[in-house]
Number of protein chains: 2
Amino acid sequence: MAISKQSVYEPLTENGAISLTVRLGLFPEGAPLTCREIGDGNLNLVFHVVDQQTGKGVIIKQALPYAKVVGESWPLTLKRAVIESNALRTFASYVPEYVPNVYYSDESLAITVMEDLSHLQIARKGLIEGKTYPLLSKHIGEFIAKTLFYTSDFGMNQQQKKQLSQQFVNPELCKITEDLVFTDPFFDYETNNFEQELRNDVEALWNDDTLHLEVAKLKRKFLTEGDALIHGDLHTGSIFASDTETKVIDPEFAFYGPFGFDIGQFFANLLLNALSRPEPQQEPLLAHVEQTWGVFTNVFSDLWDRHNVEPYAKTPGLLQDVLRQTFVDAIGFAGCEVIRRTIGLAHVADLDGIEDKNKRIYAKRRALHLGKNLILQRRVLNDVQEIRALFLQTFTTIH
Amino acid sequence: MAISKQSVYEPLTENGAISLTVRLGLFPEGAPLTCREIGDGNLNLVFHVVDQQTGKGVIIKQALPYAKVVGESWPLTLKRAVIESNALRTFASYVPEYVPNVYYSDESLAITVMEDLSHLQIARKGLIEGKTYPLLSKHIGEFIAKTLFYTSDFGMNQQQKKQLSQQFVNPELCKITEDLVFTDPFFDYETNNFEQELRNDVEALWNDDTLHLEVAKLKRKFLTEGDALIHGDLHTGSIFASDTETKVIDPEFAFYGPFGFDIGQFFANLLLNALSRPEPQQEPLLAHVEQTWGVFTNVFSDLWDRHNVEPYAKTPGLLQDVLRQTFVDAIGFAGCEVIRRTIGLAHVADLDGIEDKNKRIYAKRRALHLGKNLILQRRVLNDVQEIRALFLQTFTTIH
């Protein structure tokens, strides 16, 4: 009898989560296990199973067959759990130090069992609390450089790369990004969500043909350019961190996309946090942006020199051309992310959490201005330091 | 019992071909059928089954599990037969008038049974005989415009497009193009094949870093940009033609690639034929290049206006940007094709068939010069008429 995958699926309970860890032999026999569901319930269940005797834990993440956003729910493919566990395993083969260890995955239950990272904190949360995570940009720059290089036509057999890209075709999750990052915020669509005080600024974006043209070009890159296996959602909420450790999680949006996308999203979320901070505390974020790019280019260039499989690798100017295009695209993608996190469906707590309304509106107006300038000026920026100038400009332009 | 696909495969005989058409009911019962194998035997068997009473025929094409080139044979995936029949069917849903009708396909036997086009002639052959095929560029311009538009993110639901692209992942056939078009001719590789009289010109290409950089950028586009389902091998040998009809065949190289590739290969093969002709007879070929681009842009723009599914479709400047990038890329791809068809592994009869050795060498030197200029000057060409100028320039530059 054929059983369809859909029919096997059922949401796990806390007891079911414990039973699974026992079946998998992840804890010593008879260990006193407790379990708590700690997900936000929007997209996934997240179970934290802990051995009370040793304090050791594991995480079981289960995709839900729908997404709950602003009260509504829409159906969402369970295949994203397979994408997530496969992406974590692929990343682990290049940067095991920056991703959680995957112990087990089950496609029909949409489950990934993985390393417990509860000794770390979600970077966005820590940054909002004023932490600076001195190694964050070094680690993320290295994570991005290695995952991009080794899964690209420069670091991987070009035939194998095509087969890998086939495994990561991810239409439904890509659509979320295509809509929420690249489209909805730039039109008067229902998904948008912003304070009335921003309406003038928002309408200016909606009516800006020049901006639309540039966003459309960036969207086209996202739709068509398969440079490497990208994380696809690398904001500060997808990163666990401490002062010494960094772990990237939640790659359910992973697919073969453009080199610049992950860098751009990370830049944007650093800048959004900077916008939420008092001026004297912004510096570490701006420095993180610069260091991310610096580390990325160093590591990527080093891998290029030592491990490039492309016969044109040594052609003078090629690496520079790839890095330049990546930089320009990253700035543009960052601009889209800054704007959508300010007026689109999914906001960031960095800005929304500013309690004083005037300050919040001011920060958001600056965000919109910054986002627009990142998009429009990406081709004239010569190096990453100039992002700082664009950031500071928003102080003087927005009143 | 599980039977692997590999074990079912065996090359068809002429009698087997006849039996298959009978089993498929393609001819009336008892029809007097004859069969002849008419392929060149390099990559495929091609059987022509004819009903001697009515004169009607069908074609059965079967992929061989190897390629014979310059005496050697290398293994080659049978999956290309599936790619070919799927591509023909996909194209037929947009431009049935420009592809043979597919009656049947069998994945395990690597067989496609299709419309007999023997009332037409392979365009390359006719062009070499001096024919001009007045409608060739109108038809091919329309074929390219419609197949590209409707399989791209502008003409097709963007999620469906991703699923379609997944079906056409085609690593082995792409590798042939990556090697033979974009790589080998530009390095001192064994696959190259040219007269000693060309050695100086060829070595100049091998040592030209500027050219290498531009070819590397074009190769990267071929490796990473998935704009639309392209034919992937659209030279004049993949086209059947008469004065009134045009049919595109052999899309076994089909995959999701850049918009400009098919146009570029078609341009190149028109130009190669022009190079082989006495000066007064070159005009129809140059006119074909111009008309191909003219028809392509008209049809594509019209579809864009009427059937675009992308929310940014009406953004001023977007269509122009897409067309401009397509044009620049097409010119560059054309340059690579002109060069590889002159000194690479797979030549064209247009040039190799020039009997007078001095004339042949002269035409080939002009081809190399033209190819290089197409690549290096693609970004400064403003419109398609300027290709003619580059073509004519080779008369005065090469002596």
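Residues numbered from 1 in each chain as written. Chains lettered and ligands numbered in written order. Predicted model: local features only at pLDDT ≥ 70, side-chain atom pairs only at ≥ 80, totals over all residues. Heavy atoms only, no water.

- Under the annotation held in an unreviewed UniProt entry, chain A carries the name Methylthioribose kinase and is attributed to Anoxybacteroides tepidamans.
- Check the Catalytic activity (unreviewed entry) section of the UniProt entry for chain A; it says "5-(methylsulfanyl)-D-ribose + ATP = 5-(methylsulfanyl)-alpha-D-ribose 1-phosphate + ADP + H(+)". (UniProt positions renumbered as here; feature names shortened; annotations may be inferred.)

Digging into the overall build of chain A
- Looking only at helices and strands, chain A features 15 helices and twelve strands.
- Its C-alpha atoms give chain A a radius of gyration of 21 Å, near enough to 21 Å, the size a compact globule of 399 residues would have.
- Seen along its three principal axes, the alpha-carbon backbone of chain A occupies a region of about 65 × 55 × 45 Å.
- Taken across its 399 residues, chain A has 61% of its residues classed as buried.
- By sequence separation, contacts in chain A at least 24 residues apart represent 72% of the contacts at least 6 residues apart.
- Of note, chain A has its 39 positive side-chain charges centred 1 Å away from the centre of its 52 negative side-chain charges. (Helix = DSSP H or I, 4+ residues; strand = E, 2+ residues; numbered from the N terminus. Rg over C-alpha atoms; globule rule 2.2 N^0.38 Å. Buried < 20%, exposed > 50% of the residue type's maximum accessible area, 1.4 Å probe, protein only. Contact = heavy atoms within 4.5 Å. Lys, Arg positive; Asp, Glu negative; His and termini not counted. Charge placed at Lys NZ, Arg CZ, Asp CG, Glu CD.)

Some words on the environment of Arg 220 of chain B
- Along the chain, Arg 220 of chain B turns up in helix H9 (residues 209-224).
- Taking the C-alpha atoms as reference, Arg 220 of chain B lies 9.4 Å from Glu 178 of chain B; in sequence the two are 42 residues apart.
- In this structure, Arg 220 of chain B is in contact with Phe 154, Asp 227, Phe 259, Val 322 and Gln 325 of chain A together with Glu 225 of chain B, ignoring residues within four places of it in sequence.

Brief notes about the domain arrangement of chain A
Residue and element names in this part refer to chain A.
- Segmentation of chain A into domains returns domain 1 (11-115) and domain 2 (121-397).
- Using C-alpha coordinates to define each centre, domain 1 is positioned 27 Å away from domain 2.
- Contacts between the two partners involve 24 residues from domain 1, matched on the other side by 28 residues from domain 2.
- For the pairing of domain 1 and domain 2, the buried interface totals around 2300 Å² over both sides, and the portion due to carbon and sulfur atoms is 69%.
- The largest per-residue losses of area from domain 1 upon contact with domain 2 belong to Phe 91, Tyr 94 and Tyr 98, which jointly make up 33% of the total buried on that side.
- Applying the counting criterion to the domain 1 and domain 2 interface returns three salt bridges.
- Among the salt bridges present, the one from Asp 250 reaches Lys 61, with a minimum N-O distance of 2.6 Å.
- The tally of links between domain 1 and domain 2 comes to six residue pairs in polar contact (both at pLDDT 80 or more). (Domains from an automatic or database assignment. Buried area = accessible area lost by both parts, 1.4 Å probe. Salt bridge = Lys/Arg side-chain N within 4 Å of Asp/Glu carboxyl O. Polar contact = N/O pair within 3.5 Å; in protein donor to acceptor, adjacent residues only side chain to side chain.)

Quick notes on the relation of the copies chain A and chain B
- Superposing chain A onto chain B takes a rotation of 180° combined with a translation of 0.0 Å along the rotation axis, leaving an RMSD of 0.0 Å. The relationship between the two copies is best expressed as a two-fold rotation axis. Residues of chain A ranked by C-alpha distance from the rotation axis are headed by Glu 225 of chain A, positioned 2.3 Å from it.
- When the interface residues of chain A are mapped onto chain B, 100% of them are again interface residues, pointing to one common binding face. (Least-squares fit on C-alpha atoms with pLDDT ≥ 70 in both.)

Let's talk about the packing of helix H6 (residues 158-167) of chain A against H9 of chain B
- Across the interface, H6 of chain A lies against H9 of chain B with an axial gap of 11 Å and an inter-helix angle of 35°. Contact residues: H6 of chain A offers Gln 158, Lys 161 and Lys 162 of chain A, while H9 of chain B offers Lys 219, Leu 223 and Thr 224 of chain B. (Axes fitted to C-alpha atoms, helices over the stretch in contact; angles between N-to-C directions.)

Topic: the packing of helix H11 (residues 283-307) of chain A against helix H15 (residues 385-397) of chain A
Residues and elements named next belong to chain A.
- Contact geometry for H11 and H15: axes closest at 8 Å, N-to-C directions at 145°. Where H11 crosses over H15, the two elements pack in a sense that is right-handed. Between H11 and H15, the residues in contact are Glu 283, Leu 286, Ala 287, Val 289 and Glu 290 and Gln 385, Ile 387, Arg 388 and Phe 391, respectively.
- In terms of residue class, the contact of H11 with H15 is built from five nonpolar, one polar and three charged. (Left-handed = near helix turned anticlockwise from the far one by under 90°. Nonpolar A, V, L, I, M, F, W, Y, C, P; charged D, E, K, R; others polar.)

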